[in-house]
Amino acid sequence: MVTLRKKENRYTIAFYNLENFFDTKDDPYLLDDDFTPKGFKKWNRSKFWKKAKKIARAVSKIGLKDSGYPPVLVGMAEVENKGVIETLLQTKKLRNLNYGVIHFDSPDERGIDTALIYDKGHFSVLDAETIPLIVQNTDGERDLTRDILYVHGKLHKEEIHVFVNHWPSRRQGAEETSYKRIKAAEIMLQEIDEIKADQPNIIIMGDFNDDPNSESIQTLMNTGKFINPMQKLLSPTSGSANYRGEWSLFDQILISHSFLNYEKGTHSFVKAKIFSPRFLKQWKGRYRGNPFRTFAGSKYLGGYSDHFPVYIVLDDN
């Protein structure tokens, strides 16, 4: 892999929704039949490996122009299990980058989870666990959705707390499901209140299925504890995903105010970006400029994901 010259003490942290990164096996306990060789998507080893190699290429280049090196942390959504990430990390683009992986199975009916990969040379894990996201559907039954992944570790010598999210979808309507995502924000705030530190360094990343101005995100912002550097990245012509011609920025990374200090031995915020180079986009046709996705319905396109990655850059002072 060709890298740019490492920029001194500058590091990238990213989030990427991988769009249904399934293996090809039929798990009898999950609704994953579509992603099997005989299923709706005709998902086979060849397609799986093509996607793995493409995702690896994308991950290896996130923030490269800003830090000169691939990301030290990457939160991920829509991964079926730990095995698919371990396969991803064995691809040519990533195998020499010393990444470790944190993943737990969640109760999501389709079996899609969140995960975190981390550069072992820069980040050490102190603790990791899942935070159950217990919300009910309108009929009173539990919505079996993704847990929140919590990772406590040290980025160089500084402790940080990372929350990787994939909040409940809008499938039944944005307003109709809004209460679920507000509940997710409230649950996470309860967990954050349990952190025993004066000014903890907190990074909240994920596919929130809501934009920066949505009530769920504002539930976090109204505490006064965070800044959302992604706020200004959404416009009528840009975002991290596009649905029916309209851009959204469901993929976001929020940070605590502690990342705005410049004291020696701390990490400070530099910039936030959507990673949308040409190779991640559809090049022609009706959807030109949109994320180059793997599927459009049952039609196999052979792309990367229906989301662009997002990232922040930090200085190590």
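Everything in this summary refers to the structure shown in the same document.

About the criteria used
Counting of residues starts from 1 at the beginning of each chain's written sequence and follows it residue by residue. Restriction of local features to residues with pLDDT of at least 70 applies here, the model being predicted, together with a cutoff of 80 or more for giving and counting side-chain atom pairs; totals for whole chains, interfaces and linings are based on all residues. Only hydrogens and water are set aside; all other atoms, that is, all heavy atoms of the structure, feed into the side-chain values. Surface patches are drawn from residues lacking salt bridges whose relative accessible area is over 30%; two like charges belong together within 9 Å, two nonpolar side chains (Val, Leu, Ile, Met, Phe, Trp, Tyr) within 5 Å. The method behind every accessible area is Shrake-Rupley, applied with a 1.4 Å probe, and residues are considered shielded solely by the protein chains displayed. A pairing counts as a salt bridge when a side-chain nitrogen of Lys or Arg comes within 4 Å of a carboxyl oxygen of Asp or Glu. None of His or the chain ends enter the tally, which takes Lys and Arg as positive and Asp and Glu as negative. To locate a charge, take atom NZ for lysine, CZ for arginine, CG for aspartate or CD for glutamate. What counts as a helix is a DSSP run of H or I of at least four residues, what counts as a strand is a run of E of at least two, and both are numbered from the N terminus. Working rule for helices: expected span equals 1.5 Å times residues minus one. When accessible area is computed with a 1.4 Å probe and restricted to protein chains, residues below 20% of their type maximum are described as buried, those above 50% as exposed, and intermediate ones as partly exposed. Polar contact is defined as a pair of N or O atoms within 3.5 Å, subject to the rule that within protein one atom must be able to donate a hydrogen and the other to accept it, and that residues adjacent in sequence are counted only when both atoms are side-chain atoms. In what follows, a contact means two residues having at least one pair of non-hydrogen atoms within 4.5 Å. Strand pairing requires that DSSP identify at least two bridges connecting the strands. Between N-to-C directions, angles cover 0 to 180 degrees, with each direction set by a line fitted to C-alpha atoms, over the stretch in contact for helices.

**A short note on a positive patch on the surface**
Argument step 1. A surface patch of like charges, here positive, comprises Arg57, Lys92, Lys93 and Arg95.
Argument step 2. Residue placement: lysine 93 occurs in the loop between helix H3 (82-89) and strand S3 (99-103).

**Thoughts on helix H1 (residues 45-61)**
Argument step 1. For H1, with 17 residues, the first-to-last C-alpha span of 25 Å sits near the 24 Å given by 1.5 Å per residue.
Argument step 2. By the burial criterion, the buried members of H1 are Lys47, Phe48, Lys51, Ala52, Ile55, Ala56, Ala58, Val59 and Ser60.
Argument step 3. Capping the start of H1, asparagine 44 holds a side-chain oxygen 3.2 Å from the backbone nitrogen of serine 46, two or three residues further along.
Argument step 4. Trailing H1 by a residue or two, glycine 63 shows a phi angle of about 75°, which is positive.

**Comments concerning the environment of phenylalanine 15**
Argument step 1. Examined against the element boundaries, phenylalanine 15 turns out to sit in strand S1 (residues 10-21).
Argument step 2. A residue is classified by how much of its surface remains accessible, and phenylalanine 15, at 0% relative accessible area, is buried.
Argument step 3. Distance in space between the C-alpha atoms of phenylalanine 15 and methionine 76 is 5.8 Å, their sequence separation being 61 residues.
Argument step 4. Residue contacts for phenylalanine 15: discarding those within four places in its chain leaves Gly75, Met76, Ala77, Val164, Asn165, Met205, Gly206, Asp207, Asp251, Ile253, Pro309 and Val310.

**Focus on helix H4 (residues 174-193)**
Argument step 1. A rise of 1.5 Å per residue sets the reference length of H4, with its 20 residues, at 28 Å; its end C-alpha atoms lie 28 Å apart and thus fit the reference within 8%.
Argument step 2. Elements that come into contact with the buried residues of H4 comprise strand S5 (123-131), strand S6 (148-155), strand S7 (158-166), strand S8 (202-207), helix H5 (215-221) and strand S9 (226-227).

**Observations concerning the sheet that holds strand S2 (residues 73-79)**
Argument step 1. In spatial order, the strands read S3-S4-S2-S1-S16-S13; together these six strands make up an open sheet with mixed pairing. A single partner strand is all that each edge strand has here, and the edge strands are S3 and strand S13 (267-274). Between one strand axis and the next, the sheet turns through 20° on average, direction left out of account.
Argument step 2. With five bridges connecting them, S3 and strand S4 (residues 113-119) associate as antiparallel partners. Counterpart to glycine 100 in the pairing with S4 is tyrosine 118.
Argument step 3. Sitting on the sheet, H1 is in contact with S1, S2, S3 and S4, with an inclination near 160° to S1.
Argument step 4. In this fold H3 packs onto S1, S2, S3 and S4, with an angle of close to 170° to the strand it touches most, S3.

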